[in-house]
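A look at the structure
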Amino acid sequence: MDHIKSYIDQNQQRFLDELLQLLRIPSVSADSKFKEDVLRAAVYLQDALKDVGVDHVEICPTAGYPIVYAEKIVDPSLPTVLVYGHYDVQPADPYELWDSPPFEPVIKDDKIYARGACDDKGQLYMHIKALEIMMQGGQPPCNIKFMLEGEEEVGSGNLEIFVRENAERLAADVILISDTAILSNDTPSITVGLRGLSYVEVELIGPNRDLHSGVYGGAVANPINTLCQMIASLVDEQGKITIPGFYDRVQELTTEQRADMAKAPFDLEAYQEELDIATIQGEEGYSTIERTGIRPTLDVNGIWGGYTGEGAKTVLPSKAYAKISMRLVPDQDHEEITALFTQHFESIAPNSVKIKVTPHHGGQPAVTPTDSIAFKAASRAFEDAWGKKPIPTRDGGSIPIVALFEEVLGLQTVLFGFGLDSDAIHSPNESYGVFNYLKGIETIVLFHKHFAAAKGN
Ligand code: BES
Ligand code: MN
Ligand code: MN
């Protein structure tokens, strides 16, 4: 164990430099203007994997961005870990809210600031450096495969085909993903649940052209006003979603399970202070941790129409739009929820507007086991490296491929993330702690050790 720490100490600067170089590549999958950069990130990872000594690495083309696949097979009779991560990042907009440019990473107050620092380049790169360390003693204690995709932030549309077509090659004993958060650096945790996602865009069409809001206002229904009323009606005063059937498949937790969840430390005051909000809000009868962990939600992600430029333009708009996301919990099904939403939204639309609902990507919720050899190995790795037993938590975010891996490969996942909620992923000034990066590398090495030992017996 000490040799792991001393190796990290001695190579800390290079480990950071290599990550910073990856962070300089603006691999934004959502915006085609960054296409060459996304491809460059894949090549960078291919080279990084080659450098640490995998026996095989290739860039596998898909209909979209490629998948970087690599293998270090020590001995086919040993257990195999399949590492998944994503090298694409969210758009960095709005750029003006960043204190330093999103693709010119800086280290300040022991944090690495850049788009993708935590989500997910910093976290996936830990696995490559962990392999480097394991190669020092000769070989890792188990076989390791890497599958790094470039389309996670846009719905992993081509990953499913890849996984289905390569199921045999991807054979493993467990999937390891570092793309989630821990509670805090004093309270390590392992994510055991992720929410699913249904994402829709709605369009309301009123009069056949934009109208003068004085000449017509008051006599013709305004699609933006109508959209606001419709959206407002989707969540009631108790914070319950009003779409019929929405809760039908929601698994209610037992009193014991909820009591267990409540053991995780949570400081409401600090939470509000960090977000600069005077109060919290959500479904009645549930705590904040429950509201994000085990309850479904509905949120407007964007709403637009009419005039939003400088100054005032008096206009009664012809059209109104909104993007709406619903986070789902077991056993809700994202396709069913999208259908229920569409049906309901159409049914509440007044005659004054025509309506169009367009589904975007979605994903199923997932829970991962806590009684598996892999989970126990992960737990032990945390105990060794952090001196504390990690708490199981349910995260509110979504990684749709977790459910897919289980379905197609029959494999369970360990969500071995080291980020913090305060890392501001998807926001301006995203960061990742230098401590978390280096400690994560150490913890990953220990995971492989414990997993190989326990699995080998
Ligand atoms: N890494 C996140 C998901 C995440 C964040 C899980 C924090 C748990 C804690 C992932 O990259 C992500 O952003 N997922 C998207 C869904 C995807 C389909 C675009 C999300 O959750 O919005
Ligand atoms: Mn991610
Ligand atoms: Mn993300």
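Model, not experiment: these values are computed from the prediction. Numbers given for residues are sequential positions, taken from 1 along each chain in its written order. Starting at A for chains and at 1 for ligands, labels are handed out in the order in which the entities are written. Only residues with pLDDT of at least 70 get local features here, since the model is predicted, and only at 80 or more are side-chain atom pairs given and counted; chain-wide, interface and lining totals rely on the full set of residues. Computation of side-chain values covers all heavy atoms of the structure but excludes hydrogens and water.

Concerning the coordination of the manganese ion (ligand 2)
Around the manganese ion (ligand 2), the donor atoms from the protein are His 86 (NE2), Asp 119 (OD), Asp 179 (OD) and Asp 179 (OD), and they sit 2.0 to 2.3 Å away. Given six donor atoms and angles of 57 to 166° at the metal, the environment of the manganese ion (ligand 2) is assigned as irregular. Any N, O or S atom lying within 2.8 Å of the metal counts as a donor, and for Na, K and Ca the limit rises to 3.2 Å; water is left out, so some sites can look incomplete. Here the donor residues for the manganese ion (ligand 2) map to a single chain with the spacing H-x32-D-x59-D. In this structure the manganese ion (ligand 3) is found 3.6 Å away from the manganese ion (ligand 2), and Asp 119 serves as a bridging donor for the pair. Here Asp 179 lies in the loop between strand S7 (174-177) and strand S8 (189-194) and His 86 lies in strand S3 (residues 80-86), a separation of 93 residues in the sequence. Residue exposure (1.4 Å probe, protein chains only): buried if accessible area is under 20% of the type maximum, exposed if over 50%, otherwise partly exposed. Of the residues examined, Asp 179 reaches a relative accessible area of 13% and is grouped as buried. Here the metal geometry follows the donor angles, with tetrahedral for four donors whose angles all fall between 85 and 135 degrees, square planar for four and octahedral for six when opposite donors are more than 155 degrees apart and every other angle is between 65 and 115, and irregular for all the rest. Under the scheme used here, helices are H or I runs from DSSP no shorter than 4 residues and strands are E runs no shorter than 2 residues, and both carry numbers assigned from the N terminus.

Some words on the site of ligand 1
Near ligand 1, the surroundings consist of 17 residues, among which Glu 152, Asp 179, Arg 327, Ser 398 and His 426 are the closest. Between N or O atoms, a polar contact is any pair within 3.5 Å; within protein, one atom must be a potential hydrogen donor and the other a potential acceptor, and residues adjacent in sequence are included only when both atoms are from side chains. Between ligand 1 and Asp 119, the relevant distance is 3.1 Å, taken from an oxygen atom to a side-chain nitrogen or oxygen of the residue. With residues, only the protein chains shown are counted as cover, and all accessible areas are computed by Shrake-Rupley using a 1.4 Å probe. About the coverage of ligand 1: the protein hides 90% of its 520 Å² of free accessible area. Note that Gly is not counted as nonpolar here; it falls among the polar residues with everything else outside the nonpolar set of Ala, Val, Leu, Ile, Met, Phe, Trp, Tyr, Cys and Pro and the charged set of Asp, Glu, Lys and Arg. Looking at the shell around ligand 1 residue by residue, the classes come out as five nonpolar, six polar and six charged. In this text, near means that some heavy atom of the residue lies within 4 Å of the molecule or strand in question.

A few points about the sheet that holds strand S4 (residues 106-108)
Strand pairing is assigned whenever DSSP detects at least two bridges linking the two strands. The strand order S4-S5-S18 describes an open sheet built from three strands, whose pairing is antiparallel. Edge positions in the open sheet fall to S4 and strand S18 (431-433), since each of these has one partner strand only. Taking each pair of neighbouring strands and ignoring which way they run, the sheet shows an average axis angle of 30°. As paired strands, strand S5 (residues 111-113) and S18 are joined by three bridges and run antiparallel to one another. Bridging across to S18, Ile 112 finds its partner in Tyr 432. By definition in these notes, contact holds between two residues if any of their heavy atoms fall within 4.5 Å. Helix axes are fitted only over the stretch in contact, all axes being lines through C-alpha atoms; the angle between N-to-C directions runs from 0 to 180 degrees. Against the sheet, helix H12 (residues 434-456) contacts S4, S5 and S18, and its axis sits at roughly 55° relative to S18.

Digging into the packing of helix H1 (residues 2-23) against H12
Where H1 contacts H12, the two axes come as close as 10 Å, and the packing angle between them is 125°. As the angle between them shows, H1 and H12 are arranged oblique. Judged by the twist between their axes, the crossing of H1 over H12 is right-handed. Taken together, the residues of H12 that come into contact with H1 (itself represented by Ile 4, Lys 5, Ile 8, Gln 12, Phe 15, Leu 16 and Leu 19) are Val 434, Tyr 437, Leu 438, Lys 439, Ile 441, Glu 442, Val 445 and Leu 446. Here the contact of H1 with H12 is composed, by residue class, of 11 nonpolar, one polar and three charged. For this classification, under 35 degrees means roughly parallel, over 145 means roughly antiparallel, 65 to 115 means roughly perpendicular, and everything else is oblique. Handedness of a crossing follows from how the near helix is turned relative to the far one, being left-handed for an anticlockwise turn of less than a right angle and right-handed for a clockwise one.

Details of the coordination of the manganese ion (ligand 3)
Angles between donor atoms at a metal ideally measure 109.5 degrees for a four-coordinate tetrahedral arrangement and either 90 or 180 degrees for a six-coordinate octahedral one. Every protein donor of the manganese ion (ligand 3) is listed here as Asp 119 (OD), Glu 153 (OE), Glu 153 (OE) and His 426 (NE2), and their distances to the metal cover 2.1 to 2.6 Å. Metal-centred angles of 54 to 154° between the six donor atoms at the manganese ion (ligand 3) mark the site as irregular. The motif formed by the donor residues of the manganese ion (ligand 3), counted along the single chain, is D-x33-E-x272-H. His 426 sits in the partly exposed class, given a relative accessible area of 39%.

Details of the sheet that holds strand S9 (residues 196-205)
Read from one edge of the open sheet, four strands run S11-S13-S9-S14, paired in antiparallel fashion. Two strands bound the open sheet, and with one partner strand each, they are strand S11 (297-305) and strand S14 (354-359). With direction set aside, neighbouring strand axes in the sheet form an average angle of 20°. Pairing between S9 and S14: six bridges, direction antiparallel. Its bridge partner being in S14, Ile 205 is matched across the sheet by Lys 354. Packed onto the sheet, helix H5 (residues 223-232) meets S9, S11, strand S13 (319-328) and S14 and runs at close to 15° relative to S13. Most of the contacts of helix H9 (residues 334-348) go to S9, to which it runs at about 25°, and overall it touches S9, S11, S13 and S14.

Some details on the layout of surface pockets
For cavity detection a 1 Å grid was placed over the protein atoms alone, and a set of points counts as a cavity when a 1.4 Å probe fits there but cannot get out; an open set counts as a pocket when protein lies on both sides within 12 Å along at least five of seven lines, with lining residues being those that have an atom within 4 Å of a point. Grid points are joined across faces, edges and corners, and a volume is the space filled by probe spheres set on the points. Of the pockets and cavities examined, the second largest pocket occupies roughly 350 Å³. Tallying contributions element by element places helix H11 (residues 401-409) first for the lining of the second largest pocket, with four residues. Here the residues of the lining of the second largest pocket sort into four nonpolar, eight polar and five charged. Counting the residues that make up the lining of the second largest pocket, at least three belong to each of domain 1 (2-194 + 365-456) and domain 2 (196-250 + 296-363). Bear in mind that the domain bounds are from an automatic or database domain assignment.

A short note on the pairing of strand S1 (residues 56-60)
As paired strands, S1 and strand S2 (residues 67-72) are joined by five bridges and run antiparallel to one another. Looking at the pairing, Ile 59 lines up with Val 68 of S2. If you look at the hairpin formed by S1 and S2, you'll find six residues sitting between the two strands.

Some remarks on H5
Burial in H5 covers these residues: Pro 223, Thr 226, Leu 227, Met 230 and Ile 231. What you see down the axis of H5 is that its buried residues fit within an arc of 130°, all on one side. More than 90 degrees from the buried face of H5, the exposed residues found are Gln 229 and Ala 232. Where H5 begins, one side-chain oxygen reaches toward the backbone nitrogen of Ile 224, 2.8 Å away; that side chain belongs to Asn 222. For this quantity, the arc is that covered by the directions from the helix axis to the C-beta atoms.

Here's the deal with the packing of aromatic side chains
The pairing test for Phe, Tyr and Trp rings, Trp by its six-membered ring, is centres within 6.5 Å, and the orientation test on the planes gives stacked under 30 degrees, edge-to-face over 60, and tilted for anything in between. Scanning all chains against the criterion turns up 17 aromatic pairs. A centroid spacing of 5.4 Å and a plane angle of 85° characterise the contact between Trp 386 and Phe 435, whose relative ring orientation is edge-to-face. Pair noted here: Trp 386 is in helix H10 (residues 373-386) and Phe 435 is in helix H12, with a separation of 49 residues, a long-range link. Since its relative accessible area comes to 41%, Phe 435 is described here as partly exposed. Between Phe 416 and Phe 447 the ring centres are 5.5 Å apart and the planes differ by 55°, which places this aromatic pair in the tilted class. One end of the pair, Phe 416, is in the loop between strand S17 (413-415) and S18; the other, Phe 447, is in helix H12, and 31 residues separate them in sequence. For Phe 416, a relative accessible area of 0% gives the class buried.

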